[in-house]
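Fold and geometry: a report
Chain by chain, the residues run as shown.
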Amino acid sequence: MLETESERKTLNAAEIGAVAHLYRGEVYRSTIWRTRLDTTTNWAVVTLGVALSISFASPEASPLPLVLVGVLIILFLMLEARRYRYFSVWRARARWLETHFYAPLLYDGDLHMEDHWQQILARDYMHPRYHVGLLIAVGRRIRRNYLWILLIQSIAFAGKLAVHPTPVTSLDQALSRADVGPLPGIVVVGVGILYILTWSAIAFWSYRVDTNRAAQRGKQSSDSMG
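Scope of this entry: the structure provided in the associated data block. (Residues numbered from 1 in each chain as written. Predicted model: local features only at pLDDT ≥ 70, side-chain atom pairs only at ≥ 80, totals over all residues. Heavy atoms only, no water.)

1. Concerning a nonpolar patch on the surface
A surface patch of nonpolar side chains, amounting to about 340 Å² of accessible area, comprises Trp43, Leu72, Leu75 and Leu79. When residues in the nonpolar patch are grouped by element, the largest group, three residues, is from helix α3 (residues 64–107). As for its position among the elements, Leu72 is in helix α3. (Patch = residues over 30% accessible without salt bridge, like charges linked within 9 Å, V, L, I, M, F, W, Y side chains within 5 Å. Areas by Shrake-Rupley, 256 points an atom, 1.4 Å probe, with all protein chains shown as cover. Salt bridge = Lys/Arg side-chain N within 4 Å of Asp/Glu carboxyl O. Helix = DSSP H or I, 4+ residues; strand = E, 2+ residues; numbered from the N terminus.)

Right under this line is the structure:
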C-alpha cells in the first residue's frame with residue numbers, strides 16, 4: 001500500500017482543485033509585488049523630474065540637485081531589487097505550476113507526476129528561499145528601467161553645465177561649473193562617470209548570467225525553480 005501511494009501518477013479531483021486555488025493565490029501575490037516594483041520606479045522618475053525642474057528653473061540655478069538625486073535613485077533601486085527578489089519567488093511558483101501542471105493537463109491530460117515536479121514545489125514551500133541573488137536583481141532592474149533613468153540624469157547634468165548660465169566655450173569652463181563646495185568639478189565629473197559605468201557593468205554582468213542560465217535550461221530540464 002505504501003509503495004503504491006509513493007508511485008502515484010495523478011491527482012484526484014479534490015487535489016486538483018486545491019492546486020488550482022494555490023495557483024490563483026500565487027498569481028495574486030506576484031501581481032501585488034509586481035505593482036510594488038512599479039511604485040519604486042515611479043518614485044525614482046518623480047524625484048528625477050523634481051531635480052530637473054529645480055536645476056533648469058533658471059540659468060542661475062545650481063546643477064547640484066541633479067547630483068544629489070543620484071543618492072535617492074540608488075536608494076529606490078536597492079528597494080526595488082529587494083522587492084524583485086520577493087516577486088521572483090511568487091512568479092517562479094506560478095510559472096512552475098503553469099509549465100508542470102496546467103500545460104501537461106491541457107496538452108495530453110497527463111500530469112507527469114513521475115517527473116517529481118510536485119516534490120520540487122513542495123520543497124520550495126517547506127524551505128522557502130530567494131531564487132535570485134541581490135546583484136542579479138539589481139542588474140535586472142537596471143536593464144528594465146533604471147539605466148534609462150541614470151542616462152537621463154547624466155545627460156541633464158551635462159546639458160546644464162553646457163548651457164547655463166551661458167553656453168560653455170571650453171572644457172575647463174564646464175568643469176569649473178561642476179564644482180561642489182570644496183570638491184573640484186573634475187572630481188565630481190569623474191565620480192559621475194564611475195557611477196554610470198558601475199551600474200552599467202552590473203547590468204551587463206547580470207545579462208550574461210541570465211543568458212547562460214537560459215542556455216543551460218534549454219539543454220536540459222531544470223530540477224529547481226527560479
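Following the structure, the description resumes.
2. Points about the pattern of salt bridges
Scanning the model with the defined rule gives eight salt bridges in all. Note that Arg93 is salt-bridged to Glu26, the shortest N-O span being 3.7 Å. Pair noted here: Arg93 is in helix α3 and Glu26 is in helix α2 (residues 13–55), with a separation of 67 residues, a long-range link. You'll find Arg93 and Glu26 in the same group, each marked buried. Salt-bridge contacts for Arg143 lead to Asp210; the nearest nitrogen and oxygen are separated by 3.2 Å. (Buried < 20%, exposed > 50% of the residue type's maximum accessible area, 1.4 Å probe, protein only.)

3. With respect to the environment of Val168
Checked against the element boundaries, Val168 lands in the loop between α5 (134–163) and α6 (171–177). Residue classification places Val168 among the partly exposed residues on the basis of a relative accessible area of 29%. Along the sequence, Val168 and Ile32 sit 136 residues apart, while their C-alpha atoms lie 48 Å from each other. Beyond its immediate stretch of four places on either side in the chain, Val168 contacts Leu161, Ala162, Gln173, Ala174 and Arg177. (Contact = heavy atoms within 4.5 Å.)

4. Let's talk about the packing of α3 against α5
Packing of α3 against α5 leaves a shortest axis separation of 9 Å and a crossing angle of 165°. Between α3 and α5, the interaxial angle falls into the category roughly antiparallel. In the crossing of α3 with α5, the sense of the turn from one axis to the other is right-handed. Split by residue class, the contact of α3 with α5 holds 18 nonpolar, three polar and five charged. (Axes fitted to C-alpha atoms, helices over the stretch in contact; angles between N-to-C directions. Parallel < 35°, antiparallel > 145°, perpendicular 65-115°, else oblique. Left-handed = near helix turned anticlockwise from the far one by under 90°. Nonpolar A, V, L, I, M, F, W, Y, C, P; charged D, E, K, R; others polar.)

5. Overview of unusual backbone geometry
Going from His164 to Pro165, the amide bond is cis rather than trans, its omega being 0°. Within the chain, His112 stands out as a residue other than glycine whose phi angle is a positive 50°. Summarising the element assignment, His112 is placed in the loop between α3 and α4 (117–126). Of the residues examined, His112 reaches a relative accessible area of 24% and is grouped as partly exposed.

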